[in-house]
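Observations on the model geometry
What follows is each chain in one-letter form.
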Protein chains: 2
Amino acid sequence: MTTLSLIQAAATRLSGHARLTPLLNAPLLDATAKRRILVKAECLQLTGSFKFRGAWSAVSALPADRRAKGVLAFSSGNHAQGIALAAQRHGIPSVILMPSDAPAVKIDNTRSYGAEVILYDRTTESRDALGAALTAERGLHLIRPYDDPQVIAGQGTIGVEIAAQAADLNITEAAVIACCGGGGLATGIALALEPHAGFRVQTAEPAGFDDMARSLATGTHQSNATATGSICDAILTPTPGTLTLPVLARLAGAGLTVTDDQALHAMALAFTHLRIVLEPGGAVALAAALFNPDLPDTVIVTASGGNVDPATFQTALTRFAA
Amino acid sequence: MTTLSLIQAAATRLSGHARLTPLLNAPLLDATAKRRILVKAECLQLTGSFKFRGAWSAVSALPADRRAKGVLAFSSGNHAQGIALAAQRHGIPSVILMPSDAPAVKIDNTRSYGAEVILYDRTTESRDALGAALTAERGLHLIRPYDDPQVIAGQGTIGVEIAAQAADLNITEAAVIACCGGGGLATGIALALEPHAGFRVQTAEPAGFDDMARSLATGTHQSNATATGSICDAILTPTPGTLTLPVLARLAGAGLTVTDDQALHAMALAFTHLRIVLEPGGAVALAAALFNPDLPDTVIVTASGGNVDPATFQTALTRFAA
């Protein structure tokens, strides 16, 4: 399982390859929120999301002979792009299995980072069976998006950076809110911040897709009733990870939820006050900090990704930008 | 006049107060441009533009007794917000003279940073006479937007950071393109990079408002035929500064120009590939790097500001985002 020393080792491997993202703030954003908000801008990470960190960590952790055969991922989103670029920069092949109805732009983006994209028919083919066949035939190593100790270690490097950046600002107490799908990001950050008693991690999820919040509240794996129906598509996972829930049950506070409109509103405020581009799923932590009354005076949030189509971004601006 | 040592002193004063902005890049942006582009993201600076650096430098350089009486600026834009926040954080008054027809959002933003905004009628009142009266009555110190050695020194801290960030990437030769109004930014960067022989500064301006390019070409101060008519409103100055032109004539390459459409296109590509928000005037250097064939393989550009109204940003996305 992921430990602080595994995270520190990942930070060493990521150094010079992933971007040390800034911790942004704005007086006018604080005035709107009526609290101090610091935003870890992972939308500025390579490939536009924090997923590159976990991907680089997992790829770089493989033994060289194993790695040379290549890596495999199931994803049509940010994890796919992270794996593709990490593989390309290691000079190894990557194969990404995507449903054939994935948006063309996501397929194109992943291919542009050098990945071989294999499309499958969700209604007639089994992704897992296809993946198993590829693994057997080509010796590819499957990298899961959150249930992988080295992926979690890579995401945890964000927590290492937050600790250092907060110390520079003399911040010793804060809620640290992470956008949450399977929980890899929140888990990595929680482990990285465990030695810092003043920081408490909380997850943020879309309302109606709050499997993590309910799992934390009950202590057992809860699932979402549906798989689709929120604009926060990047973080609509069915249930918490096997590796992530136990850590978060031990270290995290209560899970937070936000509506799609609150996510859009947070995107518009990030545009106006921070000049960063967020996707809906990457804005839920900021939305939670803006619109949840039960939080401490200082809140650090991850702005976890910025891969948003222009139409959705324009909707956020039209409805919520001043 | 500004010197490298004045810039280094400004960097010391800015440390911990201005943000060290990241030098961003994206493989897909490079593929579009067919060259390597690195983007100094000053839109992420406090107040949303590099102007905060020059403002902080000038305010902090004043003797304490002089500073305590307050500062004055003529501006309805980024310089006003930079001066207002720098003054607020020094605990001193600031007065900003703005035309009464300035957009309400700019007046509100400047006031939100604690400035006293005094509106005047452009058709019947003299800004300079009003400013002189305020200076005499209240002992305010006027800080000009570019013709001030300490303002130029503050903008030059961007060049200091670029030199260090480029060295981390083993980049020793590049064109360094700065968005250019009066030329304070380009001048500061050119002075900071003067010891680095592989870096050559070039200015970027809107087509039709290329007073600096023509002044550099002729060696004498040239003026623009009109004062309005480009969406790049932040950088529509009538003629180069008295302090800036001599430095740039000595250190800068040929001035570059871009069309308004190219600036909008650059905004859209920065949205898609870098996930940052640029205003048109803050995107002209990136536009020059994208659309000018006569540049070296590596180009470093300033993305100098991100204070854009949502409607203009949406126009950029509608017309140029994929």
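One structure accompanies this document, and this report is about it.

Procedures and definitions
Residues numbered from 1 in each chain as written. Chains lettered and ligands numbered in written order. Predicted model: local features only at pLDDT ≥ 70, side-chain atom pairs only at ≥ 80, totals over all residues. Heavy atoms only, no water. Buried < 20%, exposed > 50% of the residue type's maximum accessible area, 1.4 Å probe, protein only. Helix = DSSP H or I, 4+ residues; strand = E, 2+ residues; numbered from the N terminus. Arc of directions from axis to C-beta. Contact = heavy atoms within 4.5 Å. Axes fitted to C-alpha atoms, helices over the stretch in contact; angles between N-to-C directions. Parallel < 35°, antiparallel > 145°, perpendicular 65-115°, else oblique. Left-handed = near helix turned anticlockwise from the far one by under 90°. Nonpolar A, V, L, I, M, F, W, Y, C, P; charged D, E, K, R; others polar. Core = buried A, V, L, I, M, F, W, Y, C linked by side-chain atoms within 4.5 Å. Least-squares fit on C-alpha atoms with pLDDT ≥ 70 in both. Pairing = 2+ DSSP bridges.

1. Concerning helix H11 (residues 244–251) of chain A
Every α-helix carries 3.6 residues per turn, so stepping three or four residues along brings you back to the same face. All names here are of chain A. Where H11 is concerned, the buried positions are Thr 244, Leu 245, Val 247, Leu 248 and Leu 251. The buried side chains of H11 occupy one side of the element, clustering within an arc of 165 degrees when seen end-on. In H11, the exposed positions that point more than 90 degrees away from the buried face belong to Ala 249 and Arg 250. Turning to H11, the residues buried within the fold contact helix H8 (149–168), helix H9 (184–193), strand S8 (199–206) and helix H10 (211–218).

2. Comments concerning the packing of helix H10 (residues 211–218) of chain B against helix H11 (residues 244–251) of chain B
All names here are of chain B. At a closest axis distance of 10 Å, the pairing of H10 and H11 adopts a crossing angle of 60 degrees. Relative to H11, H10 is oriented oblique. For H10 against H11, the interelement crossing comes out right-handed. Contacts from Met 212, Ser 215 and Leu 216 in H10 reach Thr 244, Leu 245, Leu 248 and Ala 249 in H11. Broken down by class, the residue content of the contact of H10 with H11 amounts to five nonpolar, two polar and no charged.

3. Description of the nonpolar core
Formed by 92 residues in total, the largest nonpolar core has its most connected members in Ile 276 of chain A together with Ile 276 of chain B. Each residue touching Ile 276 of chain A, except ones within four places of it in the same chain, is listed here: Leu 24, Val 39, Ala 41, Cys 43, Ala 270, Phe 271 and Ala 303 of chain A together with Leu 44, Arg 275 and Val 277 of chain B.

4. Section: the relation of the copies chain A and chain B
Once turned by 180 degrees and shifted 0.0 Å along the axis, chain A lies on chain B with an RMSD of 0.0 Å. Between the two chains, the operation in question is that of a two-fold axis. By C-alpha distance to the rotation axis, the residue of chain A lying nearest is Ile 276 of chain A, at 2.3 Å. Most of the interface of chain A is mirrored in chain B: 100% of its interface residues are interface residues there too.

5. Re the sheet that holds S8 of chain A
Residues and elements named next belong to chain A. Spatially, S1-S2-S10-S7-S8-S9 is the arrangement adopted by the six strands of the open sheet, whose pairing is mixed. Across the chains shown, the open sheet's two edge strands, defined by having one partner strand only, are strand S1 (23–24) and strand S9 (256–258). Looking at chain direction, strand S7 (residues 174–179) and strand S10 (residues 298–303) are connected through three bridges and run parallel. Opposite Ala 175, over in S10, you have Val 299 as the bridge partner.

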